[in-house]
Amino acid sequence: VQLQASGGGSVQAGGSLRLSCVASGRAFIESTISWFRQSPGKVREFLAAVSRNGRSTYYADSVKGRFTASRDDAKNTAYLQMNNLKPEDTAVYSCAAREGFAYVYLLQPDKYPYWGQGTELTVSS
């Protein structure tokens, strides 16, 4: 699975943005798609995941209620809708894929074999 993330940019606090993660390869529909972010000096942080078929989603407490993960398998694309953005959301955002689903691995970046390049988000106050 090859992934390409896009949609980052600069927004003001309270604004919204939607990230996209376009995948190539048939394994996309069998994969859990997760979103991570990393800011300078910090470890990579799990944000959200959407399971195969989009039936289940999982969120970190830091984004629960503000971010929504989804997918459109017909388009081989996953999305991260981000609302009520805060300056602390400023980071480089990446999507990652892992075939199947295993909750125990959800938050562990090293368990994802497929990564898209990051897309940068800057939220100004």
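For the structure itself, consult the block above.
Here is a short report on the structure shown in this document. Since this is a predicted model, take the numbers as computed values, not measurements. (Residues numbered from 1 in each chain as written. Predicted model: local features only at pLDDT ≥ 70, side-chain atom pairs only at ≥ 80, totals over all residues. Heavy atoms only, no water.)

### A look at the pairing of strand β8 (residues 77–82)
Next up, step 1: In terms of residue burial, β8 counts as a mostly covered element, since 5 of its 6 residues are buried.
Next up, step 2: Where strand β7 (residues 67–72) and β8 come together, 6 bridges link them in antiparallel fashion. Residue pairing in the sheet places Phe67 in a bridge with Met82 of β8.
Next up, step 3: Hairpin connection, β7 to β8: the antiparallel pair is bridged by 4 residues, and Asn76 has positive phi, about 50°. (Buried < 20%, exposed > 50% of the residue type's maximum accessible area, 1.4 Å probe, protein only. Helix = DSSP H or I, 4+ residues; strand = E, 2+ residues; numbered from the N terminus. Pairing = 2+ DSSP bridges.)

### Here we look at the nonpolar core
Next up, step 1: Counting residues in each nonpolar core, the largest one holds 33 residues, and the members touching the most others are Leu47, Phe67, Leu80, Met82, Leu85, Tyr93 and Leu121.
Next up, step 2: Elements that contribute at least two residues to this core include exactly β1 (2–6), β3 (17–24), β4 (31–38), β5 (45–50), β7, β8, β9 (91–99) and β11 (119–124).
Next up, step 3: With sequence-adjacent residues up to four places away left out, Leu121 is seen in contact with Gly9, Val11, Leu17, Met82, Leu85, Asp89, Thr90, Ala91 and Tyr93. (Core = buried A, V, L, I, M, F, W, Y, C linked by side-chain atoms within 4.5 Å. Contact = heavy atoms within 4.5 Å.)

### Notes on the pattern of salt bridges
Side chains that differ in sign of charge can pair as their charged atoms come close.
Next up, step 1: All chains considered together, the criterion is met by 6 salt bridges.
Next up, step 2: Across the pair Glu45 and Arg37 runs a salt bridge whose closest N-O atoms are separated by 2.8 Å.
Next up, step 3: Here Glu45 falls in the partly exposed class, since its relative accessible area comes to 27%.
Next up, step 4: Here Arg37 falls in the buried class, since its relative accessible area comes to 7%.
Next up, step 5: Among the salt bridges present, the one from Arg37 reaches Asp89, with a minimum N-O distance of 2.8 Å. Taken together, the residues Arg37 in strand β4 and Asp89 in the loop between β8 and β9 connect sequence positions 52 residues apart.
Next up, step 6: The network of salt bridges with common partners includes Arg37, Glu45, Arg66 and Asp89. (Salt bridge = Lys/Arg side-chain N within 4 Å of Asp/Glu carboxyl O.)

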